[in-house]
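# Survey of secondary and tertiary structure
Take a look at the letters that make up each chain.
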Amino acid sequence: MKDIVFEARRSRSRLVLLLGLLGVLSAAALLLPLKELDPDFLGRFQVALRIIGVIGLLVMSAKLPAIIGSPIELRISGAGIWYKPWSQQTVAWESISKITERKINVQRTLCVHLTQPENHKIRSAQRLATSLNKRSGDYGDMNIMIQMTDKTIEEARAAIIQHLPFSE
């Protein structure tokens, strides 16, 4: 039997929309005439607004290559689950105790619970978020959100079900 590999890439259209919005807001922050405001307030506000505008444009320009590259964010295969925001390592199916789905309003998250989470190297930016998520409710050790990808959560669930060595 051939191993079926599921890959979710960063969605170019969603990224273009977000970066476009960031660009417009940043440009507005830089170009907005503020002469009608109180002079004492204007100085500090204008400096802060200009700094925010410059930071926004820098972030936008740094993320532009992502539109062209469209890197893989999630890979589900016979080897396990690899989720770029969480770790550079693939989590083997044997290391997963269960997978649940968490829904808050319209946002859905696949929550992967690990048998020994301390054995997995997590990106430093995710360590605090994972800790807070686990304390706040039914989140797992690895929480997969694919809203910014070109796939749906249903497609990811179907791929997981194809590879599960255990019943959900």
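Residues numbered from 1 in each chain as written. Predicted model: local features only at pLDDT ≥ 70, side-chain atom pairs only at ≥ 80, totals over all residues. Heavy atoms only, no water.

## Some points on a nonpolar patch on the surface
On the surface, Val 47, Ile 51, Ile 55 and Val 59 cluster together to form a nonpolar patch covering roughly 350 Å² of accessible area. Inspection of the secondary structure assignment puts Ile 55 in helix α2 (residues 39–69). (Patch = residues over 30% accessible without salt bridge, like charges linked within 9 Å, V, L, I, M, F, W, Y side chains within 5 Å. Areas by Shrake-Rupley, 256 points an atom, 1.4 Å probe, with all protein chains shown as cover. Salt bridge = Lys/Arg side-chain N within 4 Å of Asp/Glu carboxyl O. Helix = DSSP H or I, 4+ residues; strand = E, 2+ residues; numbered from the N terminus.)

## As for the nonpolar core
Note on soluble globular proteins: their nonpolar side chains tend to be buried together. In terms of nonpolar packing, the biggest core is built from 23 residues, with Leu 74, Ile 76, Ile 81 and Ile 144 touching the most fellow members. Listed by contribution, the elements that provide at least two residues to this core are β1 (6–9), β2 (72–77), β3 (80–83), β4 (96–104), β5 (107–114), β6 (142–144) and α4 (153–163). For this core, the element with the most residues is α4, which contributes four residues. (Core = buried A, V, L, I, M, F, W, Y, C linked by side-chain atoms within 4.5 Å. Buried < 20%, exposed > 50% of the residue type's maximum accessible area, 1.4 Å probe, protein only.)

## A few points about the confidence of the model for the protein chain
Scored by pLDDT, the protein chain has a mean of 79; 87% of the residues are at 70 or more. Put simply, α2 is where the protein chain has its lowest mean pLDDT, 72, and β3 is where it has its highest, 92. (pLDDT = per-residue confidence, 0-100.)

## Section: unusual backbone geometry
At Asn 105, a position not held by glycine, the phi torsion is positive, near 55 degrees. Locating Asn 105 in the fold gives a position in the loop between β4 and β5. Taking the relative accessible area as the measure of exposure, Asn 105 reaches 69% and is therefore exposed.

## What about the pairing of β5?
Counting buried positions along β5 yields six of eight residues, so the element is predominantly enclosed. Two elements, β4 and β5, share eight bridges in a ladder whose sense is antiparallel. Across the sheet, the residue bridging to Ile 104 is Gln 107, located in β5. Between β4 and the antiparallel strand that follows it, β5, lie two residues; Asn 105 among them carries a positive phi value of about 55 degrees. As defined by bridge partners, β5 adjoins β6 across three bridges and the pair is classed as antiparallel. The partner of Leu 110 across the bridge, within β6, is Ile 144. (Pairing = 2+ DSSP bridges.)

## Remarks on the pairing of β1
Residues Phe 6 and Ala 8 point to one face of β1 and are all buried, whereas Glu 7 and Arg 9, pointing to the other face, are not buried. Here β1 runs beside β2; their pairing, made up of four bridges, is antiparallel. Across the sheet, the residue bridging to Glu 7 is Arg 75, located in β2.

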